[in-house]
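Residue-level listing of the chains:
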Amino acid sequence: METKNRLVEVKERTGVNIRECYQCGKCTAGCPVAEKMDLRPSVIMRMIQSGTDEEMDQILRSYTIWLCLTCETCYSRCPMEIDIPKVMDYLRQLSLAKGKVHPEARKIVAFHKSFLNTVKRNGRLSELFLTIDYKIRSLRSGTLLQDMTLAPGMISRGKLHLIPKQIKDKKGFSRLFKNQLNQRKP
Amino acid sequence: MKIGFYPGCSLTGSSREYNESILAISKKAGIKLVEIPDWSCCGATAAHNLNRELSVSLPARNLALAESDGIEELVVPCAACFNRLTMTQHELNEDENLKSRITEKLQMPLKNNLKILNVLQYLEKYFVPRLEELIKKPFEEEEVACYYGCLLVRPSQVVKADRWEDPMNMDAIMRKLGAKPIDWSFKTECCGAGFSMSKTEIVGELSGKIVRDAANRGAKAIVVACPMCHSNLDMRRPAINSYLKTKVEVPVMYVTQAIALAMGVSAKEAGFQRHFVPVNLSVNR
């Protein structure tokens, strides 16, 4: 019963049918970051198939789901055309909503949050404000200087704008963000 | 036909030279690109990682704006924006409920039948047939490594690129410009994409392998068609060099910059001064 629900749930939320995976391992073989993952992509597929609560908890707490770069190699090569990156998006959002984000992935989540925050404010991304927002969120990570040293080079090459570009229809734009970014902090 | 243009955020900032070179070659070829009025961010990796609704609604806003401006064909040079806009169009066409929910939010109609072109498709359609006439200053058989990255060719089910495991369309363009595209192994490997700031060491490693293979096989330059690929291979060169434990000097340029040079656009107008790793080929000297 448990297993069926899990597969149906993923199918309903993403349209992806994981039941079709027969463990050929091609996704893992072609994944550029598989060797850094705690659970390989093909293992994630198998775990969703068996789908016990413990396995789901392990998936949502894994580093893997955040390491996935959405390079789309696994999906393109899958003999059953299973859209694994789309499942990863779903798992990431579930992990975030349940507060199960892997400690190693906190910087990745912080970056994405800063990105959306910056976009929400102006309608377009300001790379300067993204960097500032992200550096504040990830102060403890000790990488403050790494990107700050790039700033002078970017400014001299005309690549960093001090004043963010803004769109005109901010009201219509903010409607898209309504009730969307209120997930808990990782 | 009205050809629309969606620059995306990177092209207004860290990838200005991509924007400049596209506009320069289009102007020179007499093609008018109309920027989508009041366009906004596509949401990029952040939106599809964190929020499914935004990952569709943000691109959809731009598709709707383009339509209402009478645009029939839309040029999207950033590979990531191209991917998000194309995936959104695909998803909305597959799912009527999603489409009506999103258009209600947008408060804009959406026929969703825009023809979306990535930069290679744009070049193939509007430049390749006329290249002989447009080229003023061909390359002098310099070896180049054509690097396609991920999102111009994948997911193959949606993008439907020709030979997606070993694409040749950029190679064909570079050959027509007089350069010598090399055979190499990292054409469509991932550069590390959105980890540029959050996991720079991974970008150093993945991009490092790409740059190393290109350099080992004698490439004088790597040619790209994506702002993320460019900034990871060029601006993140310190991380690459620290992974490779050596200093690799092979420069990275946009395919549109290469065309610009061959068309006689000045190196400055094509934005070559904005690179971190200097490009030093006979054509831009």
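Everything numeric in this text was worked out from a predicted model, so none of it was measured. In this convention, every chain numbers its residues from 1, walking through the sequence in written order. Key to labels: chains lettered from A, ligands numbered from 1, both in the order written. Only residues with pLDDT of at least 70 are given local features in this predicted model, and only at 80 or more are side-chain atom pairs given and counted; all residues enter the totals for whole chains, interfaces and linings.

A.B. asks: Sorry if this is basic, but what is going on with the overall build of chain B here?
C.D. replies: Only DSSP runs of H or I with at least four residues qualify as helices, and only runs of E with at least two residues qualify as strands; both kinds are numbered from the N terminus onward. Tallying secondary structure elements over chain B gives 13 helices and eight strands in all. What the globule rule says is 2.2 Å times the number of residues to the power 0.38, and the radius of gyration is computed from C-alpha atoms. The C-alpha radius of gyration of chain B comes to 19 Å, within 12% of the 19 Å expected for a compact globule of 285 residues. Each principal axis of the C-alpha atoms in chain B carries an extent, and together these give about 55 × 45 × 30 Å. Residues with at least 20 neighbouring C-beta atoms inside 10 Å of their own are called buried, those with 12 or fewer are called exposed, and the rest are partly exposed, where every C-beta is derived from the backbone. Counting all 285 residues of chain B, 58% fall into the buried class. Note on contacts: residues are paired as contacts if their backbone-placed C-beta atoms lie within 7 Å. Considering only contacts within chain B whose residues lie at least 6 apart along the sequence, 79% involve residues at least 24 apart.

A.B. asks: Sorry, what's going on with the confidence of the model for chain B here?
C.D. replies: Summary of the metric used: pLDDT quantifies the predictor's per-residue confidence within the range 0 to 100. Within chain B, residue pLDDT values average 96, and 100% of them lie at 70 or more. Listed scores for the predicted complex are pTM 0.95 and ipTM 0.94.

A.B. asks: Would you explain the interface of chain B and chain A in this entry?
C.D. replies: Interfaces are often described in size by the accessible area the parts lose on coming together. Between chain B and chain A, the residue contacts involve 44 residues of the former and 46 residues of the latter. For the side of chain B that touches chain A, the secondary-structure elements that each account for two or more residues are helix H2 (44-50), helix H3 (52-68), helix H8 (156-159) and helix H10 (200-216) of chain B. Classification used: nonpolar for Ala, Val, Leu, Ile, Met, Phe, Trp, Tyr, Cys and Pro, charged for Asp, Glu, Lys and Arg, polar for all others including Gly. The residue makeup of the side of chain B that touches chain A, split by class, is 19 nonpolar, 15 polar and 10 charged.

A.B. asks: Just checking my understanding: could you explain the domain arrangement of chain A for this structure?
C.D. replies: Residue and element names in this part refer to chain A. Under the domain assignment, chain A is made up of domain 1 (2-101) and domain 2 (104-177). Where each domain starts and ends comes from a domain assignment, either automatic or drawn from a database. The gap between the C-alpha centroids of domain 1 and domain 2 is 29 Å. If you look at the interface, domain 1 gives four residues, while domain 2 gives five residues. In terms of residue class, the side of domain 1 that touches domain 2 is made up of four nonpolar, no polar and no charged.

A.B. asks: Please explain the sheet that holds strand E5 (residues 143-146) of chain B as it appears in this structure.
C.D. replies: Strands in a sheet are paired, the pairing made by backbone hydrogen bonds, and the direction either parallel or antiparallel. Residues and elements named next belong to chain B. Each pair of strands is called paired provided DSSP finds at least two bridges between the two strands. Spatial strand order, E6-E5-E7-E8: four strands in an open sheet with parallel pairing. The sheet is open, and its two borders are formed by strand E6 (180-181) and strand E8 (252-254), each paired with just one other strand. Two strands pair when backbone bridges link them, and E5 and strand E7 (residues 221-224) are joined in this way by three bridges, in the parallel orientation. Residue pairing for E7: cysteine 146 is matched across the bridge by valine 223. Where helix H13 (residues 255-262) meets the sheet, it contacts E7 and E8, and its direction lies at approximately 75° from that of E8. Axes here mean lines fitted to C-alpha atoms, for a helix over just the part in contact, with angles spanning 0 to 180 degrees between N-to-C directions.

A.B. asks: How do you make sense of the packing of H10(B) against helix H12 (residues 237-244) of chain B when you look at a structure like this?
C.D. replies: All names here are of chain B. H12 packs onto H10 with a crossing angle of 75° between their chain directions and a minimal axis gap of 8 Å. What the angle tells us is that H10 and H12 run roughly perpendicular. Listed contacts from H12 to Thr200, Glu201, Val203, Gly204, Glu205, Ser207, Gly208, Val211 and Arg212 of H10 are Ala239, Ile240, Ser242, Tyr243 and Leu244. A breakdown of the residues in the contact of H10 with H12 according to their chemical character gives six nonpolar, five polar and three charged. Small angles under 35 degrees read as roughly parallel and large ones over 145 as roughly antiparallel, with 65 to 115 read as roughly perpendicular and the rest as oblique.

A.B. asks: Which parts of the structure should I look at to understand the pairing of E5(B)?
C.D. replies: Successive side chains on a regular strand alternate, one facing one side of the sheet and the next facing the other. Pairing analysis gives two bridges linking E5(B) to E6(B), with the strands arranged parallel. Paired with B:Val144 across the strands is B:Pro181, a residue of E6(B).

A.B. asks: So what exactly am I meant to see when it comes to the domain arrangement of chain B here?
C.D. replies: Residues and elements named next belong to chain B. What the domain assignment lists for chain B is domain 1 (3-119) and domain 2 (136-284). The C-alpha centroid of domain 2 is placed 24 Å from the C-alpha centroid of domain 1. Put simply, the parts of the chain that give the side of domain 1 that touches domain 2 at least two residues each are helix H1 (16-28) and helix H4 (79-94). Here the residues of the side of domain 1 that touches domain 2 sort into 11 nonpolar, nine polar and four charged.

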